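Architecture and fold: a report
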There are 2 protein chains.
Amino acid sequence: MTREHPSNPVVLDATARQVLQVFSEKSTALFAPEAPVPDMDNCPVRDVLARVGDKWSLLILVTLSQKPHRFSALQRQVGDISKRMLTQSLRMLERDGLVSRQVFPTKPPSVEYALTALGEAALVPVAALLDWAAGAHDDIRAARRRYDAEAG
Amino acid sequence: MTREHPSNPVVLDATARQVLQVFSEKSTALFAPEAPVPDMDNCPVRDVLARVGDKWSLLILVTLSQKPHRFSALQRQVGDISKRMLTQSLRMLERDGLVSRQVFPTKPPSVEYALTALGEAALVPVAALLDWAAGAHDDIRAARRRYDAEAG
DNA sequence: CAGGATCCCTTTCGATACTG
DNA sequence: CAGTATCGAAAGGGATCCTG
């Protein structure tokens, strides 16, 4: 955060402009100096990308899209996630309103996690991205082999 | 990777099944035992998610979608990225065939980076995700306020 | 059962200095 | 200009132990 930024903003189309503005921490480098710097709590793109990009959130969401799960069942389903990370990931997802948490005061207690409507909606564009990724797999692997082959 | 996995696979629909299979390192916990364990080089979803989720790749792709950029111009546009991370990110994107790199043997040398067709195609589902994120921003922030308000 | 707290190792990434 | 090399701080994340 210490580097200097020359003021040479270029013309970006509206979509990319918005995307960059909400995404970049230092978007002032890309826009007029008087534009307000979006703080991190104000950046939905970084928020969403952080969830999508982290190790477990997406896997949890997809698992919950099948049906609601209790904590332990969720851990078994996801596979090799630790209780620590499962708890932590669920808290973030719950805080963002993507997952609901319902406690049943039985003995011993049971807690059921489920997708909210917002969580289900989130999976729509995510699924599209995953589909693209699956489709582009061959191309990516081919490019990778070419790259590694020359001057490896 | 040391935890044990009971063999209680559940029924998942085909899409989620594929997503989970390519995504989860321990997908054997979710599928039949005889299913081949996808190695990491064979997992396009993790690959793509790693690019989408990391700190700079997406910003670089969006910047390049405007027009090809030289190294220094790209660094200025992105904002507060270090040369180290810019180089590293570009190498990964180039290796995956999303970005092309062309060297002009001038003095001093100049290098131009541009999106490939694959890179442009990748931005389509990514843009959809970003659009959703922008649209869901208010809902997410509202949920967050509610969560933080109660028992903060 | 559903976590919280703690420890510690690994990876990530920024800063800095140097090179063809 | 376009990188490479090295270092250290910070974050991510697993293992383990403890609790209502």
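First, a word on what this report is: a plain description of the structure on this page. A quick note: this is a predicted structure, and the numbers were derived from the prediction, not measured.

Structural notes on the sheet that holds strand S2 (residues 99-104) of chain A
Residues and elements named next belong to chain A. Here we have three strands laid out as an open sheet, ordered S1-S3-S2, and antiparallel in their pairing. Where the open sheet ends on each side, the last strands, each with one partner, are strand S1 (69-70) and S2. One ladder, built from two bridges, connects S1 with strand S3 (residues 110-115); its direction is antiparallel. Counterpart to Arg 70 in the pairing with S3 is Glu 112.

Quick notes on the protein's contact with DNA strand C
Among the 22 residues in the neighbourhood of DNA strand C, the closest are listed as Ser 72, Arg 91, Arg 101 and Tyr 113 of chain A together with Met 85 of chain B. For DNA strand C, the fraction of atoms within 4 Å of the protein that belong to sugar or phosphate moieties is 69%. At 3.0 Å from a base oxygen of DNA strand C is found a side-chain nitrogen or oxygen belonging to Lys 83 of chain A. Taking Arg 84 of chain A, its side chain carries an N or O atom lying 3.3 Å from a base oxygen of DNA strand C. Put simply, the parts of the chain that give the surface near DNA strand C at least two residues each are helix H4 (71-78), helix H5 (83-95) and S3 of chain A together with helix H5 (83-95) of chain B.

Overview of the pattern of salt bridges
Tallying each qualifying case throughout the model produces six salt bridges over all chains. For the salt bridge of Arg 95 of chain A with Asp 148 of chain B, the shortest nitrogen-to-oxygen distance reads 2.4 Å. Taken as a pair, Arg 95 of chain A in helix H5 and Asp 148 of chain B in helix H6 (residues 117-149) lie in two separate chains rather than in one. Connected via shared salt-bridge partners are Arg 51 and Asp 96 of chain A together with Arg 144 of chain B.

Rules used throughout
- Residues numbered from 1 in each chain as written.
- Chains lettered and ligands numbered in written order.
- Predicted model: local features only at pLDDT ≥ 70, side-chain atom pairs only at ≥ 80, totals over all residues.
- Heavy atoms only, no water.
- Pairing = 2+ DSSP bridges.
- Helix = DSSP H or I, 4+ residues; strand = E, 2+ residues; numbered from the N terminus.
- Near = heavy atom within 4 Å.
- Polar contact = N/O pair within 3.5 Å; in protein donor to acceptor, adjacent residues only side chain to side chain.
- Salt bridge = Lys/Arg side-chain N within 4 Å of Asp/Glu carboxyl O.

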